[in-house]
Amino acid sequence: MLRTSASRVLDDNDRDEVLRILDADPVANVFVASRVRSVGLSPSRLGGQMWGFGPRGGLTSLCYAGANLVPVNASREAVHAFADRARKQGRRCSSIVGPSVAVEHLWERLEPHWGPARAIRWAQPVMSISAAPLVAPDPLVKRVRPEEFGTVLPACVAMFTEEVGVSPDNGDGGALYRSRVAELIRIGRSYARIDDGRVVFKAEIGAVTPQACQIQGVWVDPLYRGRGHASSGMATVVEQALKYFAPVVTLYVNDYNTPARAAYRRVGFAEVDTFTSVLF
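Residues numbered from 1 in each chain as written. Predicted model: local features only at pLDDT ≥ 70, side-chain atom pairs only at ≥ 80, totals over all residues. Heavy atoms only, no water.

Re the overall build of the protein
Here is step 1 of the chain: Tallying secondary structure elements over the protein gives 9 helices and 12 strands in all.
Here is step 2 of the chain: On C-alpha atoms alone, the protein measures out to a radius of gyration of 19 Å, which is about the 19 Å that the 2.2 N^0.38 rule sets for 280 residues.
Here is step 3 of the chain: Viewed in the frame of its principal axes, the protein has a C-alpha envelope of about 60 × 35 × 35 Å.
Here is step 4 of the chain: Taken across its 280 residues, the protein has 49% of its residues classed as buried.
Here is step 5 of the chain: Residue pairs at least 24 apart in sequence account for 68% of intrachain contacts in the protein once pairs closer than 6 positions are excluded.
Here is step 6 of the chain: A total accessible area of about 13,100 Å² is found for the protein, and carbon and sulfur atoms account for 51% of it. (Helix = DSSP H or I, 4+ residues; strand = E, 2+ residues; numbered from the N terminus. Rg over C-alpha atoms; globule rule 2.2 N^0.38 Å. Buried < 20%, exposed > 50% of the residue type's maximum accessible area, 1.4 Å probe, protein only. Contact = heavy atoms within 4.5 Å. Areas by Shrake-Rupley, 256 points an atom, 1.4 Å probe, with all protein chains shown as cover.)

A closer look at the domain arrangement of the protein
Here is step 1 of the chain: In terms of domains, the protein is made up of domain 1 (8-116) and domain 2 (129-274).
Here is step 2 of the chain: Between the C-alpha centres of domain 1 and domain 2 the distance comes to 26 Å.
Here is step 3 of the chain: In this complex, domain 1 contributes 13 residues to the contact, which on the side of domain 2 involves 14 residues.
Here is step 4 of the chain: At the boundary of domain 1 with domain 2, total buried surface from both sides reaches about 950 Å², with 65% on carbon and sulfur atoms. (Domains from an automatic or database assignment. Buried area = accessible area lost by both parts, 1.4 Å probe.)

Let's talk about the sheet that holds strand β1 (residues 8-9)
Here is step 1 of the chain: Strand order in the open sheet made by the 12 strands is β1-β2-β3-β4-β5-β12-β6-β11-β10-β9-β8-β7, with mixed pairing throughout. A single partner strand is all that each edge strand has here, and the edge strands are β1 and β7 (141-143).
Here is step 2 of the chain: Sheet analysis places β1 next to strand β2 (residues 49-53), joined by 2 bridges and oriented antiparallel. By the bridge assignment, R8 is partnered in β2 with G52.
Here is step 3 of the chain: Each of β3 (61-65) and β4 (68-72) is contacted by helix α1 (residues 15-23), which is oriented at about 100 degrees to β3, the strand it contacts most. (Pairing = 2+ DSSP bridges. Axes fitted to C-alpha atoms, helices over the stretch in contact; angles between N-to-C directions.)

A few points about the pairing of strand β9 (residues 198-208)
Here is step 1 of the chain: For β9, the buried fraction is high: 10 of the 11 residues fall into the buried class.
Here is step 2 of the chain: Of the strand pairs in this sheet, strand β8 (residues 190-195) and β9 are connected by 6 bridges, and their pairing is antiparallel. Directly across from R193, in β9, lies its bridge partner F201.
Here is step 3 of the chain: Sheet analysis places β9 next to strand β10 (residues 213-220), joined by 6 bridges and oriented antiparallel. Looking at β10, one finds that F201 is bridged to V220.
Here is step 4 of the chain: A loop of 4 residues connects β9 with β10, the two strands running antiparallel in sequence.

Observations regarding the nonpolar core
Here is step 1 of the chain: Among the nonpolar cores identified, the biggest contains 23 residues, and I215, M234, V249, L251, Y264 and F269 are the most heavily contacted of them.
Here is step 2 of the chain: Only β6 (119-129), β9, β10, α8 (229-244), β11 (249-252) and α9 (258-267) provide two or more residues apiece to this core.
Here is step 3 of the chain: In this structure L251 touches P125, V126, M127, Q214, I215, M234, Y264 and F269, once residues within four positions along its chain are discounted.
Here is step 4 of the chain: Core analysis: the next-biggest nonpolar cluster, separate from the first, contains 22 residues, A65, A81, L106 and W114 among them. (Core = buried A, V, L, I, M, F, W, Y, C linked by side-chain atoms within 4.5 Å.)

Section: the pairing of strand β5 (residues 95-99)
Here is step 1 of the chain: Within β5, 4 of the 5 residues are buried, which leaves the element mostly enclosed by the surrounding structure.
Here is step 2 of the chain: Sheet topology note: the β4/β5 ladder contains 2 bridges and is parallel. Within β5, the position partnered with N68 by the bridge is S95.
Here is step 3 of the chain: Where β5 lies against strand β12 (residues 270-279), 5 bridges are found, and the strand directions are antiparallel. Among the inter-strand pairings, P99 is bridged to a residue of β12, identified as F275.

Describing the pattern of salt bridges
Here is step 1 of the chain: For the structure shown, the criterion picks out 16 salt bridges.
Here is step 2 of the chain: For the salt bridge of E162 with R225, the shortest nitrogen-to-oxygen distance reads 3.0 Å. Here R225 lies in the loop between β10 and α8 and E162 lies in helix α6 (residues 149-164), a separation of 63 residues in the sequence.
Here is step 3 of the chain: Counted as one network, the salt bridges with shared partners bring together D138, R193 and D195. (Salt bridge = Lys/Arg side-chain N within 4 Å of Asp/Glu carboxyl O.)

Concerning the packing of helix α4 (residues 76-89) against helix α5 (residues 100-114)
Here is step 1 of the chain: Between α4 and α5, the least distance of the axes is 9 Å, while the angle of their chain directions is 30 degrees. Judged by the angle between their axes, α4 and α5 are roughly parallel. When the axes of α4 and α5 are compared, the crossing they make is right-handed. Contacts between α4 and α5 involve R76, V79, H80, F82, A83, D84, A86 and R87 from the former and A102, H105, L106, R109, L110, H113 and W114 from the latter.
Here is step 2 of the chain: Partitioned by chemical class, the residues of the contact of α4 with α5 number 8 nonpolar, 3 polar and 4 charged. (Parallel < 35°, antiparallel > 145°, perpendicular 65-115°, else oblique. Left-handed = near helix turned anticlockwise from the far one by under 90°. Nonpolar A, V, L, I, M, F, W, Y, C, P; charged D, E, K, R; others polar.)

So, in structure tokens, the structure goes:
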């Protein structure tokens, strides 16, 4: 068995070094970097721990251990150290997500202790765009207003259930999920086309750093699919994201979701990386 150095739990004293690692790949690391920039590295604020690994006390690799387990720039030796810590701590996350090679190696070591997974999405293309969209934006896609929360929430729940395979109402009755939806609306990062009280298209900008932002929760009402709403709606969100949030817009999508990948390519997104997600 390969001997590894131990990982350590980081704190705010490590912030500059952590951001140096995260900013080396701002697209792949946008979620974790957004969390660190927003709340720092104190576990009580971060909602989890940030683990660090490197030779002689230095930092070369990270792993965010919160609701998700997310390896960052993780070498094979770092993955072994993070897996050892995760195994000893016990599973506290609902998923492992990140660059495919690191996640696959993590899961290889954790599956005997944490398995079986509820689902594994082995190939999730990471896509990005940094120029104006190639299709015309939908002028009816607007920022969601706080008073529209009740209209948009059922669409958000439908999206989550369709995408993840379980309802966000499981566990705490959906309180945490509703709080997150409301927060994204409050800070102006939720967009939707609402026709006569019905959500036709919706998406959110879930993570933001100075270098990149990540679109999530893209959904079109099944009755309106195949009519171009995904492309034109995403064009609006991309236009808004580039104008107000960051110079690069990114997302990741399941490889088998052929219609979504085609819609994103029409907008101008290009595939730049591949993620894997292990869902519990």
